[in-house]
Amino acid sequence: MTLWYFEYSHFNRTGTRPIAITTWVVTIGAIRKTVSRLLILSVSMGYGVVRPTLGGLTSKVILLGLTYFLASGLLDIAENVGTIDDIIGKARLFLVLPDVFLDAFLILWIFTSLSKTLEQLQAKRSSVKLDIYRKFSNALAVTVIASVAWIFYEVYFKATDPFSEQWQSAWIVTTFWDILAFALLCVICYLWGPSQSSQRYAYSEEVGDEYDDEESQSLTKGATEGDLSLVKQDNYVARCDSDQQDENGDDIEEGKRE
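Residues numbered from 1 in each chain as written. Predicted model: local features only at pLDDT ≥ 70, side-chain atom pairs only at ≥ 80, totals over all residues. Heavy atoms only, no water.

## Things to note about the packing of helix H2 (residues 19-44) against helix H3 (residues 58-80)
If you want to describe how two helices pack, look at the angle between their axes and the distance between the axes.
No. 1: In contact at an axis separation of 9 Å, H2 and H3 are set at 145 degrees when each is read in the N-to-C sense. Between H2 and H3 lies a crossing of right-handed hand. Facing Thr 22, Thr 23, Val 26, Thr 27, Ala 30, Ile 31, Lys 33, Thr 34, Arg 37, Leu 38 and Leu 41 of H2, the residues of H3 in contact are Val 61, Gly 65, Tyr 68, Phe 69, Ser 72, Gly 73, Asp 76, Ile 77 and Asn 80.
No. 2: Taken together, the residues of the contact of H2 with H3 break down into nine nonpolar, eight polar and three charged. (Axes fitted to C-alpha atoms, helices over the stretch in contact; angles between N-to-C directions. Helix = DSSP H or I, 4+ residues; strand = E, 2+ residues; numbered from the N terminus. Left-handed = near helix turned anticlockwise from the far one by under 90°. Contact = heavy atoms within 4.5 Å. Nonpolar A, V, L, I, M, F, W, Y, C, P; charged D, E, K, R; others polar.)

Next comes the structure, spelled out in structure tokens:
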């Protein structure tokens, strides 16, 4: 945002866009968009919650990220670097199509991976993690609906203002996408906020209601209650050891009597 400020300030004073600053700002913007999409894709695959690594999909995710970065970066540079946005229709279409195609492919992969993760959590009867991913699915659905609605508004805005007479309010069109991405990031941070002992249950196989209760405590409670759950578990282990020692002692006494 700081780079954008200096870029617009220079553009406002001179009427030309500084090539160096504009190139830097659109490159950083392309990196931000790429990282945000890969973050959502990784979360949808269950990375860090259901699986410790992406396994064989890591190379495919990285390759897709690099391809999207190049397509998005080239489009942004072509649209912003220079005096005005004077790209002819065919050249613009040539740059827009790869970016749109990769965005659609990413959305499809995200929802497909999310569906598989939900099925996996249902099969494992992991109620707490399943509830978190259902909330995440709802947030993604709301994001997609808002995106489609805003695309229609953006088309209407540009169609009714072919000569950019409403340039003072045109910034709202692009700002919406930044706000939407930031809101989705906040949802992820809220749903997957770290707790005292959540990592202990991150990749374990949950079976039974008793484990679900422990998992619920570890994922949703604070540090104090997490410590209490650890103390309870230690007490349980100590009681088991004590019972085992008592049984061994009884066996020894019985052997002596015989």
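## With respect to the pattern of salt bridges
No. 1: Inspection of every chain in the model, using the stated rule, returns five salt bridges.
No. 2: Notably, a salt bridge pairs Arg 17 with Glu 7, separated by 2.6 Å at the nearest N-O pair. Of this pair, Arg 17 sits in the loop between helix H1 (2-14) and H2 while Glu 7 sits in helix H1, and the two are 10 residues apart along the sequence.
No. 3: Overall, the relative accessible area of 0% leaves Glu 7 in the buried class.
No. 4: Note that Asp 76 is salt-bridged to Lys 33, the shortest N-O span being 3.2 Å. A residue pair is termed long-range when its members are at least 10 positions apart, and Asp 76 in helix H3 and Lys 33 in helix H2 qualify at 43 residues. Each of the two residues, Asp 76 as well as Lys 33, counts as buried. (Salt bridge = Lys/Arg side-chain N within 4 Å of Asp/Glu carboxyl O. Buried < 20%, exposed > 50% of the residue type's maximum accessible area, 1.4 Å probe, protein only.)

## Regarding the side chain of Asp 103
No. 1: With respect to the element layout, Asp 103 can be found in helix H4 (residues 89-124).
No. 2: Reaching out from Asp 103, the side chain makes a polar contact with the side chain of Arg 37 at a distance of 2.8 Å.
No. 3: Once residues lying within four places of it in the same chain are set aside, the contact partners of Asp 103 are Arg 37 and Tyr 68. (Polar contact = N/O pair within 3.5 Å; in protein donor to acceptor, adjacent residues only side chain to side chain.)

## Topic: the UniProt feature "transmembrane region" (unreviewed entry) in the protein chain
No. 1: When the UniProt feature table is mapped to this numbering, "transmembrane region" (unreviewed entry) covers residues 91-115, 136-157 and 169-192.
No. 2: Helix and strand shares over residues 136-157 are 100% and 0% respectively, and the end C-alpha atoms of the span are 31 Å apart.
No. 3: Measuring from the first to the last C-alpha atom of residues 169-192 gives 36 Å, for a span that is 88% helix and 0% strand. (UniProt positions renumbered as here; feature names shortened; annotations may be inferred.)

## Some thoughts on the side chain of Arg 17
No. 1: Taking the relative accessible area as the measure of exposure, Arg 17 reaches 12% and is therefore buried.
No. 2: At a separation of 2.6 Å, a polar atom in the side chain of Arg 17 contacts the side chain of Glu 7.

## Considering the packing of aromatic side chains
No. 1: Using the criterion set out here, one finds seven aromatic pairs in the structure.
No. 2: Taking the centre distance of 5.2 Å and the plane angle of 20 degrees together, the rings of Trp 4 and Tyr 8 count as stacked. With Trp 4 and Tyr 8 both in helix H1, this residue pair falls four residues apart, about one helical turn.
No. 3: Arranged with centres 4.3 Å apart and planes meeting at 20 degrees, the rings of Trp 150 and Phe 176 form a pair that is stacked. Here Trp 150, found in helix H5 (residues 127-160), pairs with Phe 176, found in helix H6 (residues 171-191); they are 26 residues apart in sequence, far enough to count as distant. Judged on exposure class, the residue Trp 150 and its partner Phe 176 are both buried.
No. 4: Grouped by ring-pair contacts, the aromatic residues Trp 150, Tyr 153, Phe 157, Phe 176 and Trp 177 constitute a single cluster. (Phe/Tyr/Trp six-rings, centres within 6.5 Å; stacked < 30°, edge-to-face > 60°.)

## Side note on H3
No. 1: Between its first and last C-alpha, H3 extends 32 Å over 23 residues, near the 33 Å set by a 1.5 Å rise per residue.
No. 2: Taken together, the buried positions of H3 are occupied by Val 61, Leu 64, Gly 65, Tyr 68, Ala 71, Ser 72, Gly 73, Leu 75, Asp 76, Glu 79 and Asn 80. (Expected span 1.5 Å × (residues − 1).)

## Description of the nonpolar core
No. 1: Ranked by size, the top nonpolar core spans 28 residues in total, and within it Ile 40, Leu 41, Tyr 133, Phe 136 and Leu 140 carry the most contacts.
No. 2: When contributions to this core are tallied by element, the ones reaching two or more residues are H2, H3, H4, H5 and H6.
No. 3: Those residues in contact with Ile 40 that lie beyond four places of it in its chain are Ile 110, Phe 136, Leu 140, Leu 184 and Ile 188.
No. 4: Formed by five residues, the second largest nonpolar core is a distinct cluster that contains Trp 150, Phe 157, Val 173 and Phe 176. (Core = buried A, V, L, I, M, F, W, Y, C linked by side-chain atoms within 4.5 Å.)

## Quick notes on the packing of H2 against H6
No. 1: Packing of H2 against H6 brings their axes to within 11 Å, and their N-to-C directions diverge by 35 degrees. The element H2 and its partner H6 pack so that their crossing is left-handed. On the side of H2, the interface is formed by Arg 32, Leu 39, Ile 40 and Val 43, while H6 contributes Asp 178, Ala 181, Leu 184, Leu 185 and Ile 188.
No. 2: Taken together, the residues of the contact of H2 with H6 break down into seven nonpolar, no polar and two charged.

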